[in-house]
Amino acid sequence: QVQLVESGGGLVQAGGSLRLSCAASGRTFGGYAKAWFRQAPGKEREFVAAISWSGSRTYYADSVKGRFTVSRDNVKNTVYLQMNSLKPEDTAVYYCAVGANGASRLRTDYEYWGQGTQVTVSS
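Here the structure is a predicted model, which means the values were calculated and not measured.

1. Quick look at the overall build of the protein
Looking only at helices and strands, one finds zero helices and 11 strands in the protein. In the protein, the succession of helices and strands from N to C terminus is β-β-β-β-β-β-β-β-β-β-β. When its C-alpha atoms are laid out on the principal axes, the protein stretches across 40 × 25 × 25 Å. Taking all 123 residues of the protein together, 46% fall into the buried category. Relative to all contacts within the protein whose residues are 6 or more apart in sequence, the contacts with residues 24 or more apart total 57%. Charge centroids of the protein, computed over 14 positive and 9 negative side chains, lie 5 Å from each other.

2. Considering the side chain of Lys34
Here Lys34 is to be found in strand S4 (residues 33–39). Here Lys34 occupies a buried position and makes no salt bridge, while the nearest side chain of opposite charge, Asp73, is found at 9.7 Å. Ignoring anything within four residues of it in the chain, the contact list for Lys34 reads Phe29, Ala49, Ala50, Ile51, Trp53, Arg72, Asn74, Val79, Ala97, Val98 and Tyr110.

3. Some details on the pairing of strand S5 (residues 46–51)
With five of its six residues buried, S5 lies for the most part within the structure. With five bridges joining them, S4 and S5 adopt antiparallel strand pairing. Within S5, the position partnered with Trp36 by the bridge is Ala49. Taken together, S4 and the strand that follows it, S5, pair antiparallel across an intervening segment of six residues, in which Gly42 is found at a positive phi of about 75 degrees. Between the end of S5 and the start of strand S6 (residues 58–60), which pair antiparallel, lie six residues, with Gly55 showing a positive phi angle near 80 degrees.

The rules behind the values
Residues numbered from 1 in each chain as written. Predicted model: local features only at pLDDT ≥ 70, side-chain atom pairs only at ≥ 80, totals over all residues. Heavy atoms only, no water. Helix = DSSP H or I, 4+ residues; strand = E, 2+ residues; numbered from the N terminus. Buried < 20%, exposed > 50% of the residue type's maximum accessible area, 1.4 Å probe, protein only. Contact = heavy atoms within 4.5 Å. Lys, Arg positive; Asp, Glu negative; His and termini not counted. Charge placed at Lys NZ, Arg CZ, Asp CG, Glu CD. Salt bridge = Lys/Arg side-chain N within 4 Å of Asp/Glu carboxyl O. Pairing = 2+ DSSP bridges.

Set out below in structure tokens:
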């Protein structure tokens, strides 16, 4: 079993930055693909960013590309999402996820999920 705990969310003004962290416990997940999803009120959970287990490949939703950066530290069993130039439409609960089937944009490819951390961007 893998337990994931997100942190770093909060309230920020438009144009500001936040860095989310997702720490794993229970076992290491260096060999897993890692991803971030988000869900705004009344909307489906959507893909944000993913990184392969090696870190050699990254993927981003069009809405965040150029603003967000996903990275990982396998030694610390932590994945990060650096969010810059935040917009009100980025407001959502952000979830990290890991999976053994390679990085993808699909929710079903991830086996373990965190509880989520709230990001609120004010205008």
